[in-house]
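Given next are the chains, with one letter for each unit.
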Amino acid sequence: MAQAINQPQVVVDLYPLFAAASLGDFSKDVNIPQQENEFIPLYVGVQVMVDVIREKIAELEQANRDVSLQLNKTFSQLTSIGEGIVTLDEEGVIRFLNPAGEKLLGLSDGEYLGRKWVDAVPLETETGEVIESQLRPFEDSAAFSSEGFIGNHLYYRRKDESRFPVTTTVSPLFFEGNRTGHIIAFRDISRELQLEQLKDDFLSIAAHELRTPLSTMRWTMESLMKLSQEDLPEAVRPKIKDLYNNNLILISLVNDILSVSRLSEQKIEDSKIIFDAKESIEEIVKELEMDAQQKKVQVKIEVKEGSATQLQMDKRHVGQVLRNLISNAIKYSFENGEVLISINQDTQNRQLCFEVIDKGMGIPQADKPHIYKRFFRGSNVSNSQILGTGLGLFVVKSYVDHWRGRLSFTSEEGKGTTFHLCLPQKIDAT
Ligand code: ADP
């Protein structure tokens, strides 16, 4: 006959608790014996352990509730907002598209889930040129601008072949420190473009109408300034000069507005001729001599040894670009400052590069992303006496993008600014 095994009392007491715990049930308490014995610390220890585990479970349950609440909130926001939201995994495969996105693109879930975003939704330029998938890894507007697409609105093509102009914002998605994909928010900007068009048309008509009277005023004032002392009292002369200068500012504003409206309509007429960029710069510096003298700013031109300085481009438009950069360098210099214009031929890339360096006011860090926008003026200059329209750099950037050149700047507030410009130097062999 098998002999009954006598279990120690401590095992008998704790066994039910461990058995329940192994099934995830921590509701049982330890029955601590009344009489003193050597296992009391073990009983107490197990009870403390059970209490700590219960506390941790309660905390986890609370965290779980918070996360689901947050998830529900985020999900309902994603499904109810007007912007299209798409999440992509690292391979660019669509994992989620909200109802607004489905509506904008005319897609239903069976048609996009598991497909690559770039295949499901073609992106193209205003003229219908399809943007290749390797140029749109994250639909980032910064990536497009470096490829020369800036100023050119981008369109998403729908399944039914219709299309809409789009603006996108992209953010990377991270999980435990690793990038797991991207989230793209996109919006139809047809209405904004219509309004922009109306504004451009209005500005362009107004500028056209202003040009003739302003030019007539300029000629009249020029002939007044040529009058002899008997015909024009000395006291009046400075006043006419003042009027003349203000008239020149208005003419340049009107010209800037007209350039901007031509640029936004993509009406750039380039007539290419071969000319010497160094000579153009010398002419511009001469034109700006008065401004430089007033601020006692010295302007130097430097050509890197061995550089051929010819360009085969539209001389007038290149002049407009260089004039804007040089006049800004003078305008935003401190008194007694120095401006250096250096020219350097990059034979490898067949480009002619320019640097326009000043040691003036510089551009505040927060303003740097906006500097090429229309009508934008830096926070450090907009309240100053220095006149400007905030259109010059927009014109510069638009031309440079049109020519597929390069434009960048480095600047430190209070220390100075350097603009770097490279233009294609294609001189046909004759
Ligand atoms: P603006 O007519 O105001 O000069 P721009 O479009 O030429 O317009 O320039 C836009 C803004 O960029 C300027 O208002 C100024 O704040 C900043 N900026 C441009 N060039 C310089 C420079 N060389 N130094 C400092 N700020 C500059």
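Above this text is the structure in question.
Residue positions within a chain follow its written sequence, with the count starting from 1. Selection of residues for local features in this predicted model requires a pLDDT of at least 70, selection of side-chain atom pairs for listing and counting requires 80 or more, and totals for whole chains, interfaces and linings are taken over all residues. Derived side-chain values reflect all non-hydrogen atoms in the structure, with water molecules and hydrogen atoms excluded from consideration.

### Focus on the sheet that holds strand 4 (residues 154-157)
Phase 1: Only strands that DSSP links by at least two bridges are regarded as paired with each other. Numbered from the N terminus, helices here are DSSP runs of H or I no shorter than four residues, and strands are runs of E no shorter than two. The strand order across the open sheet built from 6 strands is 2-1-6-5-4-3, with neighbouring strands paired in antiparallel fashion. Edge positions in the sheet fall to strand 2 (94-97) and strand 3 (123-125), since each has one partner strand and no second. Taken pair by pair, the neighbouring strands of this sheet meet at an average axis angle of 40 degrees, ignoring direction.
Phase 2: Sheet analysis places strand 1 (residues 84-89) next to strand 2, joined by 3 bridges and oriented antiparallel. What sits directly across from Leu-88, in strand 2, is Ile-94.
Phase 3: The contact definition used throughout considers only heavy atoms, calling two residues in contact when any of these lie within 4.5 Å. A fitted line through C-alpha atoms serves as each axis, taken over the contacting stretch for helices, and the angle formed by two N-to-C directions is quoted from 0 to 180°. Packing against the sheet, helix 7 (residues 190-225) makes contact with strand 4, strand 5 (163-175) and strand 6 (178-188), and its axis sits at approximately 50 degrees to strand 6.

### Description of unusual backbone geometry
Phase 1: Here Glu-176, not a glycine, exhibits a phi torsion of approximately 45 degrees, which is positive.
Phase 2: Along the chain, the position of Glu-176 falls in the loop between strand 5 and strand 6.
Phase 3: Here Arg-350, not a glycine, exhibits a phi torsion of approximately 50 degrees, which is positive.
Phase 4: Within the element layout of this structure, Arg-350 appears in the loop between strand 10 (338-346) and strand 11 (351-358).

### Comments concerning the state of the cysteines
Phase 1: Sulfur atoms of two cysteines make up a disulfide when they are within 2.5 Å. If you walk through the whole model with that rule in mind, you get 1 disulfide.
Phase 2: The disulfide that involves Cys-353 links it to Cys-422, with 2.1 Å between the sulfurs. Handedness here is read from the sign of the S-S torsion; for Cys-353 and Cys-422, about 110 degrees, the answer is right-handed. Linking Cys-353 in strand 11 with Cys-422 in strand 13 (residues 416-424), this pair joins segments that are 69 residues apart in sequence. Each of the two residues, Cys-353 as well as Cys-422, counts as buried. Buried residues are those whose accessible area, probed at 1.4 Å on protein chains only, stays under 20% of the maximum for their type, while exposed residues exceed 50% and partly exposed ones sit between those limits.

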